[in-house]
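So you can see what is in the structure, the chains are spelled out below.
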Amino acid sequence: MQTTLDADTTPAPPHIAKHPLHWRNRDYGHHWRNRDEEFDASKFGMWLFLTTEVLLFAGIFCGYAVFRMLYPEAWSNGSHYLDWKFGAANTVVLLISSFTCAMAVRCAQLNQQKWLKINLVITLVCAALFVFIKLKFEYMVKLGDGKAPGTFFSYEYAQNAHEQLWWSLYYVGTGIHALHVVIGASLLGYVLFRSWKYQAYGPTEYTMVENSALYWHLVDLVWIFLFPLLYLIH
Amino acid sequence: MMTTLDTHDSHAHGGSYFDGPPGLLAKIWQWMTTVDHKKIGVMYLFAVLFMFFLGGMAALAVRYELLDPVRTVTELQGTELVESTTGQRLAFLQDIMNAKSPNEVYNRMFTLHGAVMVFMFIVPSIPASLGNFFLPIMLGAKDVAFPRLNLMSWWIYVIGCLIGVFSILLGGVDTGWTFYTPYSTTTDADHYRVVLMVLAAFVLGFSSILTGMNFVVTVHKLRAPGMGWFDMPLFIWALYATSIIQVLATPVIGITLLLLILERTMKIGIFDPSMGGDPVLYQHFFWFYSHPVVYVMILPAMGIISELLAIHARKHIFGYRAIAFSSLGIAAVSFLVWGHHIFTAMGELAAVLFSALTFLVAIPTAIKVFNWVATLYKGSIVLNTPMCYALMFLFTFTIGGLTGLPLATLSTDLHLHDTYYVVAHFHYVMMGGTVIAFMGGIHHWWPKMFGKMYSETGGLIGCALVFIGFNLTFFTQFFLGTQGMPRRYANYVDEFQTLHEISTYGSWILLAGFLVHLVTFIMSLVGGEKASANPWGGLTLEWECESPPIEHNFHHEPIVKHGPYDFESVVPPHCDPKDYPLPQSH
Amino acid sequence: MMLSTTTLADSPSILQDWIFGGNAASRAAAQSDAMFLAITWFSIISFVIVIGFAAYCVIKYRRKPGVPVQPSPHHHTLLEIIWTVVPSASLLVFFVLGFRGYADKVVAPANAMELKVDAWKWGWKVTYPNGASSPEQKFLSEQVLNDGLVQQTGLQYPIFYVPEDSDVRLRMHSQDVIHSFWIPEFRTKMDVIPNRYTGYGFRTPKLKAGDTVMHQVDVYPDGSPVLAEVSGRDMWIFCAEYCGDEHSRMAATLRVVPREVFEEKVAEWGRPKSPWLLGQTIWKQQCQICHSIDGKPGTGPTWQGIYGTEGAFADGSTHMRDENYIRESILNPNEKVVAGFAPAMPSFQGSLSEEDLEGLIMFIKSPDRDPTTAGEDGDSAGSEG
């Protein structure tokens, strides 16, 4: 349901206020009875989509569990190669971004256009920081050591024959997660762009903000599982 | 259903959904960018039928190769003994397909058949075509919940099919549609055709997920006023259960196929035994999706049968709630039985567990069949093409279901697994179930979709040929399997020849049946009699629309005041009470 | 119920013959047939009831113009409970019996003879407890003509011997992709998986008076085989898991023979051979399906006259085909792929010993005849060493 919180009453500049994409000018789909139903449906659809995402990652977690059982030693070695400090840093970064992302939704509901943009910018900065840490301090360093997936694996000091598998799963898991970070950031970037240009989101029109934020929370959630499994459990 | 709908002012509101802007290019552009669920449904219908044709051609090629075994014949030519080989009937394709041997041509053909039929035809068949067209209408909605997403899933489907067809045009793949590792990761190592085909299946999965999501939300949010959950037609219940499976199962095949692609391109080793990976893990992942997806294929068919039997027997469906709940029950249990595809590759304990769960899934299916048959009791049965197809479904699907029992039974499965018995069983379920119901459904809703009647004679002749051809083709295969004929063999020992021959002749009759249908449909489109709004006397909401429906389906939002099968108390809309009298005593 | 299936197993019916060809080779197999038959009867009865009732309704309640439909209940709780409970109960019985039959099929007694089964694209090899393996081949069709000569035609399949009336356990392993070892007459198959042992057991049947097979007992001076009927029973072994081009040729014969014949043969195969003979045996067992020695190209190139000549390879290079080349091609076959062929050969690293390699090199050097027995006629395919 739409919330009816106290709205920011600052009027938008006239060229934006008249734009068809401005939130006050948006209509709902012709096949809906009212705006609320459309909003509920969109959110419901997003939750279903998030279910599919969870199941997608479930496949990776399942593979992780199976090989952990088969080759516990390689898995233990594997997590020792990872530096928990980078993982923890990235966890903090993502948690902050999730908070600002949630705040962005609230700002849209309250028509606080300025803070909506600020929160989105912080979220995007966190996303960039996450990817930067991942690439610069983890992927680049490890690839340089030869700890690469599949055919590219050339790490000479591996103590267990199955460490190659560990790296494969590490790259598949974190790689697909990183891809989701990029997709989520793109969605939020799109929201930021429209919000900047047209003030497209407000108390009666924030479906896109809400759904992008839900997606972003999922990205966070997946990392909350990946981090201990890969970095902390020895 | 009695509604506020007044059909007599229909033309004041514009014509059918088919009417487009003048000019061919404008029309094509309008169809390509349409968000109308009906247009998308019709485009899907033609696309899946084309894929059915493509997969069917491959099936005929497979049957043609198996007409006789490969024999080496020694002949005296002049003074020399010359050895020659007979029975390699697909050898002429070897150069065209750039294959290593005639056997590889055969292997590519059955892979092509399986991959096209499963990923491009049967999974999207009923939900994406008839489902797209009728789900919103039967709920009394103007469209699906997310029309643009619907268009997107159509285009993703097209892209997936194009990638698949591209792989086929490059020569095709010989992995089998199941892409079992490590064969699929090592065959034709220097070619990207396998990657392309796997990518096609991956992309098609997205289309499936999006359609499923769309349907679930539509059913939850867009039911007409007065339509409670238990006032929904059973076709909708079936599509709802199907969509849930699509949403929950497809992502798992997504990650599996992605891993397979990485395995082939980068040798990540997860499924590669030489690197410590586990090829059986692939099978678990694969069937975790591909068994539930069997119910994605069959549940919508069951929904169609519920509609056809009720309407053409003019009888309230027997045990409405039992059928509705059994759909959900099947959807739930379907996630727990994947292991029965790999009894011969798993430990004893797991095998016992999966055997028990597999028997469990048989029960809701049996309940449905009993309810359908009970619906016929004291009905008013008309033997038109849709009804004949529905009855044929009861016949073939019951055989398909019962022949599944020895496959769920552990001791007999060890013998029958990966033989022609399995081939026969799943064709009785998939073809004898889904395709037969699909054909029945197309005939049933043809007048509504295109506004034209089809020739009942043509329909019945086609139906009879399909029945005969289908049973000849596949019943023989049960015996081939029990007697020792393995699957996916390009060649076989002489003693199986008679049964293989009968099976191949049956496939030709089957082809003839479908050609009769094709001609009937074309004749209907070209010069068919105009269909009335409610030719069968149905009570579900689509029969309150015009034939074909107007752009937004209804002139006014319908209000539902009776159930979908209340034939004993309601005279169908647009129908003469003389033709559809109510019972004298009730 | 167990009792009744046992009874059925002891008296095979016509239906059973019709469905299976009546050739169950063990008690577990016969019980499996009986199980199948019981389910089939259950299915036939269910089918007749369901479809019979539907047919009755279709005939009785055909639509007649103007006649309204008769009212009848929309559901019937008792009926629905019955048709839920009765099938569930039957299925439970099938499940329990199927589980017991499965255990009978899969588990072999502790004292069973263990055979090691190796699978590769595309062939089978069975190794006996003494390390020996069978070099014998069977032609798809062998006919004794009027004049006593034997016409052998069609493809050749290896013959694996097992003694009659004894327990056998298989331990199976694949060198490349997944295969499945199926003996239809024992009604059992199991997947053969790389990097993992699988297996099952069976009890071989007692030979009956009429159980005879054609077997080569001698060689005519012109090299053609002399066949005679000996006591034994042949069964097909098929690969049941799709494995590529020659999947449908990946068959073998399981031959049940009297125990003394079996023991004699296995002891014979266990004796040391000359390297060339060893090479020929391995060729017959493992290489023949792809590599001919008469010049015909198969899945792989022929071995006729290749030794000591230049070979042309897929990458455009040429190379002298010497001992080193042969060794490399066996152990690391995709290093140099002969032009015109696909890189389809699995590596035999680990599965062939140093002696085996030596034998193969000797054989490839001179596939037609054993150089150590100069002057005599070459050993024709089909005879034993």
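This text follows the structure it describes.
Conventions and cut-offs
Residues numbered from 1 in each chain as written. Chains lettered and ligands numbered in written order. Predicted model: local features only at pLDDT ≥ 70, side-chain atom pairs only at ≥ 80, totals over all residues. Heavy atoms only, no water. Helix = DSSP H or I, 4+ residues; strand = E, 2+ residues; numbered from the N terminus. Buried < 20%, exposed > 50% of the residue type's maximum accessible area, 1.4 Å probe, protein only. Contact = heavy atoms within 4.5 Å. Lys, Arg positive; Asp, Glu negative; His and termini not counted. Charge placed at Lys NZ, Arg CZ, Asp CG, Glu CD. Buried area = accessible area lost by both parts, 1.4 Å probe. Salt bridge = Lys/Arg side-chain N within 4 Å of Asp/Glu carboxyl O. Polar contact = N/O pair within 3.5 Å; in protein donor to acceptor, adjacent residues only side chain to side chain. Nonpolar A, V, L, I, M, F, W, Y, C, P; charged D, E, K, R; others polar. Core = buried A, V, L, I, M, F, W, Y, C linked by side-chain atoms within 4.5 Å. Domains from an automatic or database assignment. Axes fitted to C-alpha atoms, helices over the stretch in contact; angles between N-to-C directions. Parallel < 35°, antiparallel > 145°, perpendicular 65-115°, else oblique. Left-handed = near helix turned anticlockwise from the far one by under 90°.

### Overview of the overall build of chain A
When helices and strands are counted, chain A shows seven helices and zero strands. Counting helices and strands in the order they occur from the N terminus, chain A gives α-α-α-α-α-α-α. By residue count, 53% of the 234 residues in chain A fall in the buried class. Relative to all contacts within chain A whose residues are 6 or more apart in sequence, the contacts with residues 24 or more apart total 81%. Separation between the mean location of the 17 positive side-chain charges and that of the 17 negative ones in chain A comes to 8 Å.

### Quick word on the interface of chain B and chain C
Accessible area lost during the coming together of the parts is what is often quoted as the interface size. Every contact between the two is made by 97 residues of chain B and, on the other side, 77 residues of chain C. Carbon and sulfur atoms make up 67% of the surface buried where chain B meets chain C, a total of about 7,600 Å² over both sides. Run the count over chain B and chain C and you get one salt bridge. One salt bridge connects Arg196(C) with Asp278(B), and the closest N-O pair in it is separated by 3.2 Å. Linking chain B to chain C there are 26 residue pairs in polar contact (both at pLDDT 80 or more). Mapped by element, the contributors of at least two residues to the side of chain B that touches chain C are helix 3 (102-139), helix 5 (183-186), helix 8 (279-312), helix 10 (348-376), helix 11 (385-402), helix 12 (405-408), helix 13 (410-416) and helix 15 (456-483) of chain B. With 15 residues, the top contributor of residues to the side of chain B that touches chain C is helix 10 of chain B. In the side of chain B that touches chain C, the residues fall into 50 nonpolar, 33 polar and 14 charged.

### Overview of the nonpolar core
Among the nonpolar cores identified, the biggest contains 347 residues, and Phe119(B), Tyr157(B), Trp372(B), Leu376(B), Phe393(B), Trp124(C) and Phe181(C) are the most heavily contacted of them. The leading source of residues in this core is helix 3 of chain B, at 23 residues. Residues lining this core come from more than one domain, with at least three contributed by each of domain 1 (2-106) and domain 2 (113-270) of chain C. Sequence-distant contacts of Leu376(B), defined by excluding residues within four places in its chain, comprise Leu309(B), Ala313(B), Ile381(B), Met387(B), Leu391(B), Leu394(B), Ala54(C), Cys57(C) and Tyr61(C). The next biggest cluster of nonpolar side chains, apart from the first, holds 22 residues, and it includes Ile282(C), Trp283(C), Ile326(C) and Ile330(C).

### Here's the deal with the packing of helix 10 of chain B against helix 3 (residues 27-60) of chain C
The N-to-C vectors of helix 10 of chain B and helix 3 of chain C enclose an angle of 20°; their axes lie 8 Å apart at closest approach. Taken together, the axes of helix 10 of chain B and helix 3 of chain C are roughly parallel relative to one another. Considering only the axes of helix 10 of chain B and helix 3 of chain C, their crossing is left-handed. For the pair helix 10 of chain B and helix 3 of chain C, the contacting residues are Val369(B), Phe370(B), Val373(B), Ala374(B) and Leu376(B) in the first and Val50(C), Phe53(C), Ala54(C) and Cys57(C) in the second. A breakdown of the residues in the contact of helix 10 of chain B with helix 3 of chain C according to their chemical character gives nine nonpolar, no polar and no charged.

### Details of the interface of chain A and chain B
Tallying the contact residues gives 34 residues for chain A and 38 residues for chain B. Of the roughly 3,000 Å² buried between chain A and chain B on both sides combined, carbon and sulfur atoms contribute 77%. Summed over the three residues of chain A that lose the most area to chain B, namely His30(A), His31(A) and Arg33(A), the buried surface amounts to 19% of that side. Here chain A is connected to chain B by one salt bridge. Note that Glu557(B) is salt-bridged to Arg33(A), the shortest N-O span being 2.8 Å. At the boundary of chain A and chain B, one finds eight residue pairs in polar contact (both at pLDDT 80 or more). When contributions to the side of chain A that touches chain B are tallied by element, the ones reaching two or more residues are helix 2 (35-70) and helix 6 (163-198) of chain A. Counting residues per element, the side of chain A that touches chain B draws most heavily on helix 2 of chain A, at 18 residues. Split by residue class, the side of chain A that touches chain B holds 18 nonpolar, 13 polar and three charged.

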